[in-house]
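# Survey of secondary and tertiary structure
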Amino acid sequence: MAERGRGDARVIPLTSEARRKARRVTPNEVAARARAAQRRSQNRERGRQNRMATLERLPEGGGLVSGVMADPRLRRMAGFVRRRYAGEYVVDEYGFDEELTEEVLLPPLRALYRRYWRVEVRGMRHVPDEGPAVLACNHSGVVPWDAAMLLVALHDEHPAKPIVRIQGADGLMNMPVVSHLARKAANTVANEVDALRMLQEGEIVAAFPEGSRGLGKSFKDRYRLQRFRRNTFVEVALQTGAPIIPVGIVGAEETYPSITDVPVLARLFGLPYFALTANMPVPLPSKWIVEFGEPISTEAFGPDAESDAMTVFNIADGVRDIIQQILYRNLLQRRTWFW
Amino acid sequence: MGRRVLITGVSRFLGALLAKRLERDPDVETIIGVDLQPPLTAFERVEVVRADIRNPLFVKVLQATGADTVVHANVVTDEFEMGRGAMKEVNVIGSMQLLAACQKSETLERVIVKSSTEVYGSEPNGPAFCTEDMGPLGPPKSGYHRDVLEVEQYARDFGRRRPDICLTVLRYSNILGNTVNNPVSQYLGQPVVPTVFGFDPRISFIHEDDALEVLVHAVGQEVPGIFNVVADDAVYLSQAIRLAGRIQAPVLPPAPVLAQRALRFLPFVELPDHLARYLTHGHVADNTRLKTVFGYEPRYTALDAVHDFALKKRAERIVREPTPPQWEDDLRRYIDRKLAEGPTTAGGG
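Residues numbered from 1 in each chain as written. Chains lettered and ligands numbered in written order. Predicted model: local features only at pLDDT ≥ 70, side-chain atom pairs only at ≥ 80, totals over all residues. Heavy atoms only, no water.

## Describing unusual backbone geometry
Residues and elements named next belong to chain A. Even without being a glycine, Val-142 presents a positive backbone phi close to 60°. For Val-142, the location among the structural elements is in the loop between β3 (133–137) and α5 (145–157). Assessed through its relative accessible area of 8%, Val-142 is described here as buried. Phi is positive for Val-177, which is not a glycine, with a value near 65°. (Helix = DSSP H or I, 4+ residues; strand = E, 2+ residues; numbered from the N terminus. Buried < 20%, exposed > 50% of the residue type's maximum accessible area, 1.4 Å probe, protein only.)

## A few points about empty space enclosed by the protein
This structure, assessed with the given rule, holds eight cavities of 30 Å³ or more. What the largest cavity holds in volume is close to 110 Å³. Lining of the largest cavity is provided by Met-173, Ser-179, His-180 and Arg-183 of chain A together with Glu-123, Pro-124, Phe-199, Asp-200, Pro-201, Arg-202, Thr-280 and His-281 of chain B. It is helix α6 (residues 178–184) of chain A that provides the largest number of residues to the lining of the largest cavity, a total of three residues. (1 Å grid on protein atoms, 1.4 Å probe; cavity = no way out; pocket = protein on both sides within 12 Å on 5 of 7 lines; lining within 4 Å. Points joined across faces, edges and corners; volume = space filled by probe spheres on them.)

## Here we look at the interface of chain A and chain B
The extent of an interface is frequently quoted as the accessible surface area lost upon association of the parts. Taken together, the contact between chain A and chain B spans 26 residues of the former and 22 residues of the latter. Together chain A and chain B conceal approximately 2200 Å² of surface at their shared face, both sides included; 53% is due to carbon and sulfur atoms. Summed over the shared surface of chain A and chain B, the result is two salt bridges. Viewed at the interface, chain B and chain A are joined by 10 residue pairs in polar contact (both at pLDDT 80 or more). When contributions to the side of chain A that touches chain B are tallied by element, the ones reaching two or more residues are α3 (72–86), α6 and α7 (192–200) of chain A. Sort the elements by how many residues they give to the side of chain A that touches chain B and α6 of chain A lands first, with four residues. (Contact = heavy atoms within 4.5 Å. Buried area = accessible area lost by both parts, 1.4 Å probe. Salt bridge = Lys/Arg side-chain N within 4 Å of Asp/Glu carboxyl O. Polar contact = N/O pair within 3.5 Å; in protein donor to acceptor, adjacent residues only side chain to side chain.)

## Let's talk about the sheet that holds strand β4 (residues 69–72) of chain B
Residues and elements named next belong to chain B. On the basis of which strands lie adjacent, the open sheet formed by seven strands has the order β3-β2-β1-β4-β5-β6-β11 and parallel pairing. At either margin of the open sheet sits one strand with a lone partner, and together these are β3 (47–50) and β11 (225–229). Pairs of neighbouring strands in the sheet enclose a mean axial angle of 20°, with direction left out of account. The sheet contact formed by strand β2 (residues 28–35) and β3 spans four bridges and is parallel. Paired with Gly-33 across the two strands is Val-48, which belongs to β3. (Pairing = 2+ DSSP bridges. Axes fitted to C-alpha atoms, helices over the stretch in contact; angles between N-to-C directions.)

In short, the description is geometric, and any link to function would need to be established separately.
The structure is reproduced here in structure tokens:
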């Protein structure tokens with residue numbers, strides 16, 4: 001259980017006629033990965049120094065303040081507030097703010113994850129410690145809680161705590177408050193340039209290829225995977241030789257059973273959909289199961305496979321089938337919506 | 001024979017710095033500084049020509065000086081300095097006339113145009129890093145954005161018509177450091193910094209020392225192409241404000257467009273249009289080509305630039321009116337030289 005390297009994950013080729021012209025890692029990619037690794041270690045070191053610096057500055061010795069500060073949790077919190085106030089924290093080049101994510105964003109999400117939705121994770125061993133890898137997930141439930149739960153799952157249940165760069169929808173960065181918090185929790189706007197760059201640097205990227213179509217679909221279509229909006233995730237995976245890991249998330253569909261879509265209101269607010277639900281602010285406490293499928297190798301497709309529309313389509317279709325199977329399998333194991 | 005360099009916008013920050021830096025360069029034979037305003041500092045070797053680059057007669061200046069390198073550093077960012085109309089005149093008409101004059105020149109070998117990463121614009125859906133081969137991310141929404149796009153269009157046309165001349169376009173991100181005074185430094189220098197509520201853009205800077213060295217490098221080496229001039233990393237606006245020791249004040253209403261308006265008309269901020277948008281969505285340019293093709297490794301990160309800026313602000317709190325020491329020095333040297341030359345030439349000071 002302890003060592004789950006990338007080598008341990010069994011990678012299945014998707015098609016039998018996969019060509020044998022295995023793609024080699026280019027020198028550019030090697031350099032990019034080395035640079036990124038160096039930057040990551042620098043960031044980690046700077047973060048550690050910042051933490052040490054604030055710890056040292058906290059009052060020592062007698063007095064009321066240090067008496068209170070003897071509590072390690074309080075010390076930690078005080079240090080955090082101090083670093084925030086002085087601006088002495090580390091943000092990586094894509095805007096991921098590790099400290100903010102761990103101290104502020106994750107705790108409430110974790111409560112939802114553990115207590116409210118009681119998320120069960122399967123197949124975590126299929127997720128490598130290090131990228132490049134592409135997670136392809138189904139998307140559902142009006143409000144994208146599934147993306148948040150994916151973040152918690154990978155942070156809490158994976159031994160290596162990989163940073164997962166979730167590719168958000170187009171409108172995401174135009175929403176006040178949500179936009180910058182999402183970015184600080186390692187989200188970006190889904191686009192080919194970013195995804196390619198991240199994969200070349202050896203990051204793990206998560207995509208929701210159904211897009212808003214999956215999120216806003218009506219309740220009667222639950223757990224029926226929608227047509228993929230874009231197959232960019234396959235293209236970038238092929239280009240960088242990253243394996244695709246299909247992910248099926250069960251439970252998000254029942255958080256807000258959508259009664260109907262109101263296109264007029266959607267147009268009015270400039271949203272992709274406007275789902276009318278009975279319980280809008282409060283999600284229902286459904287039982288969630290997140291399963292990571294076996295990685296699908298994309299290395300065997302040879303160079304320039306990403307420009308072959310048929311190959312891309314076939315792979316995307318295969319991934320879609322696998323996610324659908326994962327969903328059905330896990331649905332059978334759930335007795336009702338709620339447990 | 002040394003190089004003959006003509007610098008436009010020599011009375012502006014970067015132009016003046018470059019002229020001063022090239023004065024010390026033995027490879028540079030002549031430096032001609034062109035601007036309408038009188039120069040900020042006293043120069044030793046720079047021949048200052050008070051001419052208008054918008055005037056078609058500028059060709060004559062270029063011919064008479066026989067310059068082999070033109071550095072066009074006269075693109076104005078601050079629309080409150082001269083007003084939007086004049087700014088557009090200087091940026092667009094000025095660049096057009098200058099490049100037209102360059103096109104006719106017989107002696108020119110290199111043209112360096114200082115552009116801005118503002119060509120990408122600030123869009124919520126933009127990528128994390130903009131590379132040089134990208135066009136604008138959306139239609140231009142500010143006057144400055146339009147200006148820069150037009151300047152680059154003229155530069156491209158020029159490059160097509162005179163392929164024999166090495167054309168370098170440098171897309172600068174905002175310059176920050178301990179001396180520069182520009183809209184961004186003024187903005188970050190306020191005791192309370194208003195921001196758009198609910199938005200915290202990733203932004204980046206180039207340290208003023210790096211900004212200068214890149215120009216020097218472009219003058220000295222033949223490096224044709226477009227390059228983003230920006231530090232390696234990006235910072236959040238909120239972190240920059242905290243590091244600078246300022247207080248962030250998010251401004252309502254949350255509707256971003258309205259908040260941008262509000263930001264512009266608050267009495268204590270003078271924010272150019274493009275900056276209001278930049279401070280909502282931001283953009284960060286990628287400097288890989290600067291490091292690999294151009295051959296310059298920025299020495300400062302964006303965080304370092306903010307740190308230097310913060311240091312300057314902290315010093316200002318103690319010393320009200322800081323006198324830049326190098327100016328004093330220059331002035332003394334200038335007077336000494338004038339005195340040594342004798343009373344006939346010393347007048348007019």
